[in-house]
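# Observations on the model geometry
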Amino acid sequence: MDRPVQATDPSSTERPSLRELATDPLITRDYEARPALVYESLRARHGAVAPVDLLGVPVWLALGYAEVLEVMQNRDRVWSKRLDAWRDYAEGRVPRDWPLLPALEVDHVVFQEGRRLEELRGAYHAALRPFQDPASPQARELRAATARYADELIDVMTEGSGGSGFADLSAQYARPLPLMVVDRLLGFANGAGDEVLMDMWRVLDAGPDSGPALERLLAALAELAAAKMARPGDDFPSHMLAARPEFTVDELSRELMMLVGVAGDFPGVLINNTVVEVINGGAGVRDSLSAGLIRETVNRVAMASPPMANLTMRCPSTDVRLGGRLIRAGEPVMLSVAAAHADPAFTGGAGLDRADRVYQTRAHLAWGAGPHHCLGVELATMIVETAIDRLFARFGALSLTLPPDQLPWRSSPLMRGLRSLPVRYELAPRPAQPVPSPAPQPVFEPEPDAPRPEQPRSALWRFLRGLRRGAR
Ligand code: HEM
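No experiment lies behind these values; they were computed from the predicted model shown. (Residues numbered from 1 in each chain as written. Predicted model: local features only at pLDDT ≥ 70, side-chain atom pairs only at ≥ 80, totals over all residues. Heavy atoms only, no water.)

## Considerations on the confidence of the model for the protein
When pLDDT is averaged along the protein, the result is 86, and 85% of the positions lie at 70 or above. Confidence over residues 1–13 falls short of pLDDT 50; this stretch has 34 contacts with residues more than four positions distant or in other chains. The low-confidence segment residues 354–359 (pLDDT under 50) makes 9 contacts with residues lying over four places distant or belonging to another chain. (pLDDT = per-residue confidence, 0-100. Contact = heavy atoms within 4.5 Å.)

## Focus: the pattern of salt bridges
With the rule as written, the count across this model stands at 29 salt bridges. With a shortest N-O distance of 2.9 Å, Arg-82 and Asp-84 are connected by a salt bridge. Asp-84 gets classed as partly exposed once you look at its relative accessible area, which sits at 47%. Residue Arg-254 pairs with Asp-107 through a salt bridge whose shortest N-O separation is 3.6 Å. Taken together, the positions of Arg-254 in helix α13 (residues 249–263) and Asp-107 in the loop between α5 (101–104) and α6 (114–132) put the pair 147 residues apart, joining distant regions of the chain. Where salt bridges share partners, they join Arg-115, Arg-116, Glu-119, Arg-244 and Glu-251 into one cluster. (Salt bridge = Lys/Arg side-chain N within 4 Å of Asp/Glu carboxyl O. Buried < 20%, exposed > 50% of the residue type's maximum accessible area, 1.4 Å probe, protein only. Helix = DSSP H or I, 4+ residues; strand = E, 2+ residues; numbered from the N terminus.)

## A few points about the pairing of strand β2 (residues 49–54)
Among the 6 residues in β2, 6 count as buried, and that is most of the element. Relative to β2, strand β1 (residues 24–25) runs parallel, the two sharing 2 bridges. Each bridged residue has a counterpart across the sheet, and for Asp-24 the counterpart in β2 is Val-52. Here β2 folds back onto strand β3 (residues 57–62), and the loop between the two strands holds 2 residues, one of which, Leu-55, carries a positive phi near 50°. (Pairing = 2+ DSSP bridges.)

## Points about helix α19 (residues 377–394)
Between its terminal C-alpha atoms α19 stretches 26 Å, which fits the 26 Å expected from 18 residues at 1.5 Å a residue. Of all 18 residues in α19, 14 are buried, a share of seventy percent or more. (Expected span 1.5 Å × (residues − 1).)

## Observations regarding the site of the ligand
In the vicinity of the ligand lie 28 residues, with Lys-81, Arg-121, Arg-314, His-372 and Cys-374 positioned nearest. Taking Lys-81, its side chain carries an N or O atom lying 2.6 Å from an oxygen atom of the ligand. Residue His-372 places a side-chain N or O atom 2.7 Å away from an oxygen atom belonging to the ligand. Going through the elements one at a time, α6, α13, α14 (266–280) and β6 (310–316) are the ones with two or more residues in the shell around the ligand. (Near = heavy atom within 4 Å. Polar contact = N/O pair within 3.5 Å; in protein donor to acceptor, adjacent residues only side chain to side chain.)

## Some details on the packing of helix α7 (residues 137–158) against helix α9 (residues 176–186)
One way to put it is that α7 packs onto α9 with a least axis distance of 10 Å and a crossing angle of 140°. By the angle between their directions, the pair α7 and α9 is classed as oblique. Both α7 and α9 take part in a crossing whose hand is right-handed. Listed contacts from α9 to Glu-141, Leu-142, Ala-145, Thr-146, Arg-148, Tyr-149, Ala-150, Glu-152 and Leu-153 of α7 are Pro-176, Leu-177, Met-180, Val-181, Arg-184 and Leu-185. (Axes fitted to C-alpha atoms, helices over the stretch in contact; angles between N-to-C directions. Parallel < 35°, antiparallel > 145°, perpendicular 65-115°, else oblique. Left-handed = near helix turned anticlockwise from the far one by under 90°.)

Structure representation (C-alpha cells):
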C-alpha cells in the first residue's frame, strides 16, 4: 500500500492519520527470533501505542498495559471487533491476498459485538459449563479422559524404547493432546473423529496439504452440526443447540471451527511453554510444581509467554485518544498482550521471572479481559494441568536437547509457540496411574442406544509412530 511518510511525533498538533504515518514493519527476522526486543524498541520510539506495518497493512499496535486493558474493557463502547468497523477494509484498501484475511473474514463469536455477541457468548457459556464446572460429572469424566489420552500418547512415544530415548514433545504430545480433547467434545460418532482430528492438525499447521484438509474439515463439521440437530448427545455441539436452538447448520459449524482453532491449538502452545519453564526451573516454576501448585505454574507461564501474543484488531467508532495518540474512527488497533506484560508499568520494573511475583499473576491479560474475555479458561487450564501432571509423573527425567535460546519458534502476528520441543527422556521406574474415571452419570439424557465409545485411533497412532521412528 503506497503511503506518504511523515514523522510520528505524539505531541504533533497536525495529528496525521495512520495511513499518513511512517510505519515500522512488525514481522521481521528479529520478531521471529526475539519479539520482546521488537516490542521494547517500538515502545522506546513511539510510547504505548505504535504505528506498525503489519505485512503491508498499517495498524496501531498497543504496547502499554493500561492501554491494552482499556481497549479490552471497552467501557465507553467505542471499540468494535467487527470487520466492517475497519475503514480500510470496508473501503476496499486491504489487499485481497493479505495473509491475515482468512482468519478475520470468519463470521463467528470473536468478530461480533452487541446483542449478537451476548447471544453467542451465552450459548458458549452454557455449552461449556458441563465440561468446565469441576463439580459436574462431564467435567470429571473429561479430566479423566484427558489423563488417559496423555498416558496413551506417552505409551506410543516410548514404546520399545527400553525406558529412555529422544522425542519431540510438541508433535508427539502437546499438539495431539488438545486435539484429542476437542475431538471428544465434538462428539463424532463411529470413529469418524480420528480422520477429522488429523485434518484439524493439517489445517492448524497451514502446511501444503492444509487446503484440501480445510475443505474436508468444514464439510465434516457441517455434517456433524446437522447430525446433532437431528440426534443430540452429551457433547459441545448439542449443548450449543440446546442453549440457542435457532442456530443454523452454517452458523453452528462456524462456531465449531472456532472451537477447533482455539481449543485445539492454544493449550498445546501453553503445554510446550510450561514444559520448558519447568525443565529450566525458570520463573520459580519448579518450586511451584513441587509444591503441587501446577495451576499457579500455568498461570505464571501464560503471563511470561502468552500463547495469544497479539489479539485481532479493534476499531473505534469515533476518534479517540489512546496512550497520547489520536486514533481516528475506523483505524485498527492490535492489542499486544506480550508487550503489555513486559510494560514496566505492569512489571514494576522487575523481570517476569521474579519468584515473588507468584501471587501477583492474576491481573495478567493472557486470557483477555472485558466483553471478549476467554470463555474456555477452565477447559484450557484443565488440559494443560493434566498434561503437565502426567508428563512429570511418567518421566523420571526430562531434559532439552537444545539450549533454550535455540528452540525453534513458530511465530505468527497473533501467536507465539514452539515449532518443536526436542527432549531426552527417562521413564520413571513404575509409571504412576491416572485417577480412574468416575462411573458415568449421564446428565444431558443422551440417546439411550448411543453410548460414547472411545475413538479408534488408527490414523493418529500411525502418524505418531512414524514420528517416533523419525525421532530416533
Ligand atoms: C491456552 C489456551 C487459550 C488461551 C491462551 C486463550 C486466550 C484467549 C484470549 C486472549 C481471548 C480474547 C481474544 C480477544 O479479546 O480478542 C480468548 C477468547 C476466546 N476464547 Fe480462549 N484461550 C484459550 C483456550 C480456549 C479454549 C480451550 C476455549 C474453549 C472453547 C476458548 C474459547 C474462547 C472463546 C469462545 C473466545 C471468544 C470470546 C469473544 O470474542 O467474545 N479459549 N481466548
